[in-house]
Amino acid sequence: MSDTRTDTDTRPTKIMYVAEATAHGGRDGYVTSQDGRIGLKVAMPPALGGDGNGTNPEQLFAAGFSSCFHNALVLVGRRAGFDLTGSTVAAKVGIGPNAHQGYGLAVALSVSLPVLDQDVAARLVDAAHQVCPYSNATRGNIDVTILLG
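Residues numbered from 1 in each chain as written. Predicted model: local features only at pLDDT ≥ 70, side-chain atom pairs only at ≥ 80, totals over all residues. Heavy atoms only, no water.

**Here we look at the packing of aromatic side chains**
For any pair of aromatic rings, geometry is given as the distance between the ring centres together with the angle between the planes. Put simply, the rule is: Put simply, two rings from Phe, Tyr or Trp (the six-membered ring, in Trp's case) pair if the centres are within 6.5 Å, and we call them stacked under 30 degrees between planes, edge-to-face over 60, tilted for the rest. For the purposes of this entry, the term helix denotes a DSSP run of H or I that reaches at least four residues, the term strand denotes a run of E that reaches at least two, and both are numbered from the N terminus.
Enumeration over the complete set of coordinates arrives at three aromatic pairs. Consider the rings of Phe65 and Tyr134, whose centres lie 5.4 Å apart with planes at 40 degrees: the pair is tilted. Of this pair, Phe65 sits in helix α1 (residues 57-79) while Tyr134 sits in helix α3 (residues 133-138), and the two are 69 residues apart along the sequence. These aromatic residues form a ring-pair network of at least three members: Phe61, Phe65 and Tyr134.

The following block contains the structure:
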C-alpha cells in the first residue's frame, strides 16, 4: 500500500484519540471497551438465524455513524452560522451477501433539519458528508444513501 498523499486523501495527519474494543466470541459473545464503558452482549439477529438476545455489530455501526454524522452536521452548520437545534440523524445499516462470496454493508442516513430551508439543508448535509470520518471511511467502499426529510 502506498503512503503517497493526495489533495483528496482523508487519512488523518495526526491521531488525536484512539478507541479500543475487544470482541469475545464473535457475533454470539460480548464486546468490551478498554476503558470499561462498553460491556455488551452481542447476538445474531433473528433475520440472520440468531436469537436476537443482544446487540449486533450493525446496530453499533449505525449508532456510531449516526452520532458522528450528526456531529459533523452541527459543526458545519455552526461554521455557516446556523443553529441546528432539533436536528437528528438516524442510520439504517443493512448486511447481506456480496458478489465475492463474502458479506457487505449498505447504509441509509435519514437527516432531519426541521428549521432550515431545503436548499440550505442540502448544502449542509453535503458539507457534513465531506467532514464526517465515517463518511470518509466508507466512501467508495459501501453504498451510503442520505435522505433529507
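**Digging into the pairing of strand β1 (residues 21-24)**
Note the following rule: Between any two strands, at least two bridges found by DSSP are needed for them to pair.
Summarising the sheet, β1 and strand β2 (residues 29-33) pair through four bridges and their orientation is antiparallel. Looking at the pairing, Ala21 lines up with Ser33 of β2. The hairpin turn running from β1 into β2, its antiparallel successor, is four residues long, and Gly25 in that turn takes a positive phi close to 90 degrees.

**Focus: the sheet that holds β1**
Strand pairs in the sheet, formed through backbone hydrogen bonds, run parallel or antiparallel to each other. What counts is decided by this rule: Helix axes use the C-alpha atoms of the stretch in contact, all axes being lines fitted to C-alpha atoms, and the angles between their N-to-C directions lie in the range 0 to 180 degrees.
Pairing is antiparallel in the open sheet, where three strands are placed in the order β1-β2-β3. Only two strands of the sheet have a single neighbouring strand rather than two, namely β1 and β3 (39-42). The average angle at which neighbouring strand axes cross in this sheet is 20 degrees, direction not considered.

**Focus: the layout of surface pockets**
For the record, the criterion: A 1.4 Å probe that fits into a set of points on a 1 Å grid over the protein atoms alone but cannot get out defines a cavity; an open set with protein on both sides within 12 Å along at least five of seven lines defines a pocket, and lining residues are those with an atom within 4 Å of a point. Grid points are joined across faces, edges and corners, and a volume is the space filled by probe spheres set on the points.
Estimates place the volume of the largest pocket at around 1300 Å³. Considering the residues around the largest pocket, the lining is formed by 36 residues, among which Tyr17, Ala19, Cys68, Pro133 and Tyr134 are closest to the centre. When contributions to the lining of the largest pocket are tallied by element, the ones reaching two or more residues are β2, α1 and α3. When residues of the lining of the largest pocket are assigned to their parent elements, the largest contribution, ten residues, is made by α1.

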